[in-house]
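Chains, contacts and geometry: an overview
Spelled out, the chains give:
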Protein chains: 2
Amino acid sequence: MACLELGDRVLVLDSGLSFPGDDMPGIDLVLPDYQYLRDRAGRIDGVVLTHGHEDHVGALPYLLRELRLDIYATRLTLGLLQPKLEEHRVTEQATLHEVTPGTEVRIGAFTARFMRVSHSIPDGVAVAVDTPAGVLLHTGDFKLDPTPIDGRVTDLQAIGEEAKRGVHVLLSDSTNAEESGTILSERTVGPSLFDIFRDAPRLIVTACFSSHIHRIQQICDTARAVGRNVAFLGRSIKNSVGQARELGYIDIPESDIVDVDQLSDLDPSKVVVVSTGSQGEPMSALSLMAAHEHKWVTLQAGDVVVLSSSVIPGNEASIHRTIDGLYRTGADVYHAGIAHVHVSGHAAADELKLILNLVRPRWFIPVHGELRHLAHHARLAREVGIPAERILVCEDGDVVEIGEELRVTERVQAGMILVDGLGIGDVGEVVLRDRRKLADDGVVVVVVSADAHTGEVLAGPDIISKGFIHDETSAEILEEARERTLASLRELASEEVGDPSILKKHIRRTMGRYLFEVTKRKPMIIPVIMEV
Amino acid sequence: MACLELGDRVLVLDSGLSFPGDDMPGIDLVLPDYQYLRDRAGRIDGVVLTHGHEDHVGALPYLLRELRLDIYATRLTLGLLQPKLEEHRVTEQATLHEVTPGTEVRIGAFTARFMRVSHSIPDGVAVAVDTPAGVLLHTGDFKLDPTPIDGRVTDLQAIGEEAKRGVHVLLSDSTNAEESGTILSERTVGPSLFDIFRDAPRLIVTACFSSHIHRIQQICDTARAVGRNVAFLGRSIKNSVGQARELGYIDIPESDIVDVDQLSDLDPSKVVVVSTGSQGEPMSALSLMAAHEHKWVTLQAGDVVVLSSSVIPGNEASIHRTIDGLYRTGADVYHAGIAHVHVSGHAAADELKLILNLVRPRWFIPVHGELRHLAHHARLAREVGIPAERILVCEDGDVVEIGEELRVTERVQAGMILVDGLGIGDVGEVVLRDRRKLADDGVVVVVVSADAHTGEVLAGPDIISKGFIHDETSAEILEEARERTLASLRELASEEVGDPSILKKHIRRTMGRYLFEVTKRKPMIIPVIMEV
């Protein structure tokens, strides 16, 4: 999410979410903290969406709970957004404006021009916005596929026109800055799929991102080429294929499609299943197949599974577990690590340099990606001659003042809002720290009943542990811990006994020390004093 | 770990450990379950170690706690093992036998021949063992570096001789089976380091595996070439360099070495720090530098950090966090993703095929790696003409009977023993499941004091939550949960109240349902009944 301010008006570029890292147990989604926009409610002229991926539009339904907004995006981007707004019941809050690549649109105080880019979802755009100092050009997510499936190449001519006009500041996609060279065309994946499909003796299962319309198109085309029907598996893939078909972004004859729940009645050598779960998500169709627990698909020797997808950082372990499980069923497995069944949607180093050379911006801000991607994109920019002092590597929350010179003037609140179940923002660093501690060494609950007046211990300490140590081995240790705690409680002075907080601190210390001594573990110790 | 049995005698090949996955919170190490060996105590003729990496020798100190064993390994492998045996106080349990590559050794009932292989640690060997059906050849970890730093190439001639003798079964390293082509020589890393070192204006910090003696040699040689001294940082790197110097496996003049604690007194442009922490381990030197918390090294703009290492699967997130942190200090960072600062120690697909073609084994068992690596190695073997029915993809615990034919006859107990702190094997699946549950949604402790005779609730329920929900938002929810629980307890029949297990079940259900209803989370609920 980027916010442009002109006078007191605000234009928002994208509003994405991210997924939790391994240091955020139990978290479902990570939203940007939009306090900045909340503070500017009523002054927001619009939100421009560059394309329909979750990391660019996913936070919008949450933002719309609080703010009424005008949304500007291309046809497919809006088409994919609409069901999400309905699901979140925020349709009323949004006014949707369809924009056409190649046109200029007036959005309140802002003038924006949209340029076609190719990416791993159709209908993506870059956007140029006029500022008093000159043009600000934001590439969105893009690559320079020379032969995209829909024939719609990144509009270098329009980008060149902005360059001619004079781009004051370029913001460009850094996701693949660390990849050298260029990304092969999406079209090169088709022939690889064909080689695999042609030789497959039985069922073929493919997995890819549900929004990767062009990949799905190629899978379906290849299926037809080898005389197979396709069966879509998973709600998200059915939804996005449905939307794309309705809006004319994908072309699959109705007669090619079979219902996945009829799979057992069909000749497996005549079907390609197009499934979700390419990231090894725990309850996804593919993971269930890998565990031999899927309702309709039971894999066996002779079946072929193709993961036509990348490994999103953070998902390595679950994807590898899934691949191992798929092999274990006897199926033959192909993935991007061993076969040309996927290409990235993001421009690699040489394409990024081409854009930098074409645009020759006065100032450059690498965007999208972790800090290492931004830093390396900055290195690429220096290599093509952008002076180091005209490159700003920014982090979330940095406010950049755009004048003749660019400078970071302040950092505003722009952290992460964690979504866990129904809660939005009710899990913060303290809760996460507790969860990580609980995960590492478990919990030991120590309960003591004490006389409310005298503080005398009436019953306990009772000790319950979870996730700490195996029950059989723990009995002895916990009994010893119990006795030590009881003995040390008896040694407390009478004025200490009367104060539950002192009692608790004492239990935590005595217990913690002993347990660490015998196990070298530090479970979370929860002392409970029941005053009766 | 592989065990060979001949009559009633046993020969063990390697005894490694692994590191916990993200589904094993709090676990330090994962040992193989050596019940099989325990059952054969007294019949074990020896343990052959192919090289000194932890995943091949790390479990040995634990095994030696229970069994006296004869260990056969090359000089450096024994040299690196010895301090570990001392640390675990099991030196007395082991009789060490140094073996020389290129020789045949009689180990009880077994005849073994050792062949030099190149790998990412010096002094590795492959081993051939005679069986009544013919030779069994185990490659160990290897690659075919044509120009290794120590000049000791993989002994293809000796392997060829075994092939001529007729290899009945080949076991070969599958770690890099998914990598196409071949692995570049270790020697190619030096010039890349030189390019980076030469241009670095200030301090250089490098990180690599402590046992990668040849990499450390190249770093030190390159440092000397650009007129810098070296400072070793981290206990493990100091230990292994010390051992390697003493045994003549590394050549660093004493005059090149400076003490890292004197760093602040030295000209940073005259020093290369050789550090541990290349996997982003939380408390490692490199992570502390990335967090600006290291005692002796404070990075700043102009400093250069080189991660001369691979990304071990499972460590992606921590390595990426570390790299981002390093960039944030202002330092320039190089890693294997963007510069040629690392090569793998394991043969890639074409090298594996070369070995298969050279050996032409009657039977083939791919070893080392996850199932997907074994399965892909099997695919490579089929590609070079090994019949599919003569390839056995085995998993831990499979017992392969080696006769004229090979077949898996049974599966024995060979799971994982988890080490957590001082405990070995006291954390099993139940404890891990609890830890994962605690990590996901935290814990809610519900304490009730009840009259021991009547079961009447005397005090409580008191509710304490950790890792569940932010304290401020939780007060209301927990108060409501408390009231609902109390109300529902009052509705219980008197005979139910008297039974603590019924009470607990009731609390767990009432509380769990309500909390899920309002938060869609399922914290672990621990009911405690204090009978007073």
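Residues numbered from 1 in each chain as written. Chains lettered and ligands numbered in written order. Predicted model: local features only at pLDDT ≥ 70, side-chain atom pairs only at ≥ 80, totals over all residues. Heavy atoms only, no water.

**So, the overall build of chain A**
As a reminder of what qualifies: For the purposes of this entry, the term helix denotes a DSSP run of H or I that reaches at least four residues, the term strand denotes a run of E that reaches at least two, and both are numbered from the N terminus. Each residue is placed in one exposure class: buried if its accessible area under a 1.4 Å probe, protein chains only, is under 20% of its type's maximum, exposed if it is over 50%, and partly exposed if it falls in between. Contacts were defined at the residue level, with two residues in contact if any of their heavy atoms lie within 4.5 Å. Note that accessible areas follow from Shrake-Rupley with a 1.4 Å probe, and for residues the cover is restricted to the protein chains shown. When charges are counted, Lys and Arg contribute as positive and Asp and Glu as negative, whereas His and the chain ends are disregarded. A single reference atom marks each charge: NZ on Lys, CZ on Arg, CG on Asp, CD on Glu.
Looking only at helices and strands, one finds 16 helices and 24 strands in chain A. If you line up chain A on its principal axes, its C-alpha atoms span 85 × 65 × 45 Å. Taking all 532 residues of chain A together, 57% fall into the buried category. Considering only contacts in chain A between residues 6 or more positions apart, those separated by 24 or more positions represent 71%. If you sum the accessible surface of chain A, you get close to 22,000 Å²; carbon and sulfur atoms cover 48% of it. Here chain A holds 54 positive side-chain charges and 80 negative ones, and the gap between their average locations is 2 Å.

**Some thoughts on unusual backbone geometry**
Most peptide bonds are trans, and most residues other than glycine sit at a negative phi. Residue and element names in this part refer to chain A. Even without being a glycine, His368 presents a positive backbone phi close to 65°. Counting through the fold element by element, His368 comes out in the loop between strand 17 (363-367) and helix 12 (371-383). In this structure His368 comes out as partly exposed when scored by relative accessible area, which is 22%.

**Comments concerning the relation of the copies chain A and chain B**
Spelled out, the test is: Here the copies are superposed with least squares, the fitted atoms being C-alpha atoms of residues at a pLDDT of at least 70 in both.
In screw terms, the move from chain A to chain B is a rotation of 180° and a rise of 0.1 Å along the axis, fitting with an RMSD of 0.1 Å. Interpreted geometrically, this transformation is the action of a two-fold axis. Among all C-alpha atoms of chain A, that of Ala439 of chain A lies closest to the rotation axis, at 2.4 Å. Comparing interface residues between copies, 100% of those in chain A also sit at the interface in chain B, which points to an isologous, same-surface contact.

**A word on the packing of helix 4 (residues 75-87) of chain A against helix 8 (residues 235-246) of chain A**
All names here are of chain A. Keep this limit in mind: The axes used here are C-alpha line fits, helices contributing only the stretch in contact, and every angle between their N-to-C directions lies in the interval 0 to 180 degrees. The labels follow the angle: roughly parallel below 35 degrees, roughly antiparallel above 145, roughly perpendicular from 65 to 115, and oblique for the rest. Take the far helix as the reference: if the near one is turned anticlockwise from it by less than a right angle, the crossing is left-handed, and if turned clockwise, right-handed.
Running from amino to carboxyl end, helix 4 crosses helix 8 at an angle of 130°, the nearest separation of the two axes being 9 Å. Here helix 4 lies oblique to helix 8, going by the angle between them. The crossing of helix 4 and helix 8 is right-handed. Of helix 8, the residues touching helix 4 (which contributes Leu76, Gly79, Leu80, Pro83 and Glu87) are Arg235, Ser240, Gln243 and Ala244.

**What to know about the environment of Leu392 of chain A**
Residues and elements named next belong to chain A. Assignment of secondary structure puts Leu392 in the loop between helix 12 and strand 18 (398-402). Once the C-alpha coordinates of Leu392 and Val333 are considered, the two residues, 59 residues apart in sequence, prove to be 44 Å apart. Excluding its chain neighbours within four sequence positions, the residues that come into contact with Leu392 are Trp363, Phe364, Ile365, Pro366, Val400, Leu406, Arg407 and Val408.

**Remarks on the pattern of salt bridges**
When the charged atoms of two side chains with opposite charge come close together, those side chains can pair. Here is the rule we go by: A pairing counts as a salt bridge when a side-chain nitrogen of Lys or Arg comes within 4 Å of a carboxyl oxygen of Asp or Glu.
Summed over all chains, the structure comprises 62 salt bridges over all chains. The partner of Glu479 of chain A in a salt bridge is Arg482 of chain A, with the nearest N and O atoms 3.7 Å apart. Pair noted here: Glu479 of chain A and Arg482 of chain A are both in helix 14 (residues 471-490), with a separation of three residues, about one helical turn. The class of Glu479 of chain A is partly exposed, set by a relative accessible area of 36%. Residue classification places Arg482 of chain A among the partly exposed positions, given a relative accessible area of 25%. The salt bridge involving Glu186 of chain B is made with Arg215 of chain B; its shortest N-O contact spans 2.8 Å. Placement of Glu186 of chain B in the loop between strand 11 (167-173) and helix 6 (189-199) and of Arg215 of chain B in helix 7 (residues 213-225) is noted, with a sequence separation of 29 residues between them. Residues Glu186 of chain B and Arg215 of chain B agree in their burial class; the two are buried. By sharing partners, the salt bridges in this structure join Glu104, Arg113, Asp130, Glu162 and Arg165 of chain A into a single network.

**Observations concerning the interface of chain A and chain B**
Note the cut-off: What gets called buried area is simply the loss in accessible area from a 1.4 Å probe that two parts show on being joined, summed for both. Counting of polar contacts relies on pairs of N or O atoms within 3.5 Å, with two restrictions inside protein: one atom must be capable of donating a hydrogen and the other of accepting it, and residues adjacent in sequence are counted only when both atoms are side-chain atoms. Each residue is assigned to one class: nonpolar for Ala, Val, Leu, Ile, Met, Phe, Trp, Tyr, Cys and Pro, charged for Asp, Glu, Lys and Arg, and polar for all the others, Gly among them.
The partner chain B presents 69 residues to the 69 residues of chain A that form the contact. Of the roughly 5,500 Å² buried between chain A and chain B on both sides combined, carbon and sulfur atoms contribute 58%. By the criterion of area lost to chain B, the three top residues of chain A are Arg372, Arg379 and Met530 of chain A, representing 12% of everything that side buries. For Asp420 of chain A, the salt bridge is made with Arg521 of chain B, and the minimal N-O distance between the two is 3.2 Å. Joining chain A to chain B, the criterion identifies 28 residue pairs in polar contact (both at pLDDT 80 or more). The set of elements that each furnish at least two residues to the side of chain A that touches chain B consists of helix 10 (316-328), strand 16 (332-335), helix 12, helix 13 (429-441), strand 22 (443-450), strand 23 (457-466), helix 16 (500-519) and strand 24 (524-531) of chain A. Residues that form the side of chain A that touches chain B fall into these classes: 30 nonpolar, 14 polar and 25 charged.

**Quick look at the packing of aromatic side chains**
Which entries qualify depends on this criterion: Side-chain rings of Phe, Tyr and Trp, where Trp is taken by its six-membered ring, are said to pair if the distance between their centres is within 6.5 Å; with planes under 30 degrees apart they count as stacked, over 60 as edge-to-face, and otherwise as tilted. Look at NZ for Lys and CZ for Arg. If either is within 6 Å of the ring centre and within 35 degrees of the ring normal, a charge sits over the ring.
Tallying each qualifying case throughout the model produces zero aromatic pairs over all chains. In this structure, Lys520 of chain A is placed above the aromatic ring of Phe516 of chain A, and the distance from its NZ or CZ to the ring centre is 5.2 Å.

**Here we look at the sheet that holds strand 24 of chain A**
Residue and element names in this part refer to chain A. Rules: By definition, two strands form a pair when at least two bridges between them are found by DSSP.
Read across the open sheet, the three strands follow the order 23-22-24; overall the sheet is mixed. Every interior strand has two partners, whereas the edge strands, strand 23 and strand 24, have only one. In this sheet, adjacent strand axes meet at a mean angle of 15° when their direction is disregarded. Sheet topology places strand 22 next to strand 24; eight bridges connect them, and they run parallel. Note that in strand 24 the partner of Val443 across the bridge is Met524. Of the strands in this sheet, strand 22, strand 23 and strand 24 touch helix 16, which is tilted by about 145° from strand 24.

**Details of the side chain of Ser120 of chain B**
When you line up the elements, Ser120 of chain B lands in the loop between strand 8 (110-117) and strand 9 (124-131). Excluding its chain neighbours within four sequence positions, the residues that come into contact with Ser120 of chain B are His53, Ser211, His212 and Gly345 of chain B.

That's the geometry; what it means functionally is another story.
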